Amino acid sequence: NAGVMQNPRHLVRRRGQEARLRCSPMKGHSHVYWYRQLPEEGLKFMVYLQKENIIDESGMPKERFSAEFPKEGPSILRIQQVVRGDSAAYFCASSPDRDYGYTFGSGTRLTVV
Amino acid sequence: SQQGEEDPQALSIQEGENATMNCSYKTSINNLQWYRQNSGRGLVHLILIRSNEREKHSGRLRVTLDTSKKSSSLLITASRAADTASYFCATDAGGGGNKLTFGTGTQLKVEL
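As the structure is a computational prediction, the values presented were derived from the model and not from experiment.

This brings us to the sheet that holds strand β8 (residues 75-79) of chain A. Residue and element names in this part refer to chain A. The strand order β1-β3-β8-β7 describes an open sheet built from 4 strands, whose pairing is antiparallel. Edge positions in the open sheet fall to β1 (5-7) and β7 (65-68), since each of these has one partner strand only. Recorded for the sheet is a direction-independent mean angle of 15° between the axes of neighbouring strands. One ladder, built from 4 bridges, connects β7 with β8; its direction is antiparallel. Note that in β8 the partner of A67 across the bridge is L77.

Residues and elements named next belong to chain B. In space, the 5 strands of this open sheet follow the order β1-β3-β8-β7-β6, with antiparallel pairing throughout. If you trace the sheet from one side to the other, it starts and ends with β1 (5-7) and β6 (55-58), each paired once. With direction set aside, neighbouring strand axes in the sheet form an average angle of 20°. Sheet topology note: the strand β7 (residues 61-66)/strand β8 (residues 71-76) ladder contains 6 bridges and is antiparallel. Note on β8: the bridge partner recorded for V63 is L74.

For the rest of this paragraph, the subject is the packing of aromatic side chains. With the rule as written, the count across this model stands at 11 aromatic pairs over all chains. Centre to centre, the rings of Y33 of chain A and Y102 of chain A are 4.1 Å apart; their planes meet at 15°, and the pair counts as stacked. One end of the pair, Y33 of chain A, is in strand β4 (residues 31-37); the other, Y102 of chain A, is in the loop between β9 (88-95) and β10 (103-104), with 69 residues separating them in the sequence. Each of the two residues, Y33 of chain A as well as Y102 of chain A, counts as buried. Here a set of aromatic residues connected by ring pairs shows up, and it is made of Y33, Y35, F45, Y48, F91, Y102 and F104 of chain A together with Y35 and F102 of chain B.

Conventions and cut-offs
- Residues numbered from 1 in each chain as written.
- Chains lettered and ligands numbered in written order.
- Predicted model: local features only at pLDDT ≥ 70, side-chain atom pairs only at ≥ 80, totals over all residues.
- Heavy atoms only, no water.
- Pairing = 2+ DSSP bridges.
- Helix = DSSP H or I, 4+ residues; strand = E, 2+ residues; numbered from the N terminus.
- Axes fitted to C-alpha atoms, helices over the stretch in contact; angles between N-to-C directions.
- Phe/Tyr/Trp six-rings, centres within 6.5 Å; stacked < 30°, edge-to-face > 60°.
- Buried < 20%, exposed > 50% of the residue type's maximum accessible area, 1.4 Å probe, protein only.

Keep in mind these values describe shape, not function.
Here it is as structure tokens:
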């Protein structure tokens, strides 16, 4: 079992471009979560998804950010028209059900220049 | 201040000593979890303790939970240099969302 796979590991985008971050959960895990970590800070919840459904997106900025977890394929976190403040590490995690610990991916480090 | 605050922010000890980290939170919870993060890496789940549990062990780790004080502690016994990392507590407030709220972490350094 390869664990939670995130790609790319590092992503550099110019201001105004789009960033697409991918996450493949562990085999058998149907719950996916995205978190953002700014330097020297803890993780901040963004969105919780199950297959084809957004369960909780209370941590997502109202504009430019979207997430999906289609029936087939990885979960995608999309950031449109990136700004410097979007620079952060974005972590994806998965779990088999509620009330279980998460398994985290290694993260995608987004740098906006 | 945010849900899930760790204390101390940083801790430096000698190999072989015990390390204790504390976490306080504000709202009622379904469970509390501890994670470790090595520099530049993802988080690794260490232990989950449910709101009706008071203590849990896993290897050299011991976690306690006091829901009346809204606090938890993580004890690492006989620390090793490889334990050097940041440690985060995270609370699940329940409500079906399974959303975790993380604290800002304790940076542990174990010196030889």
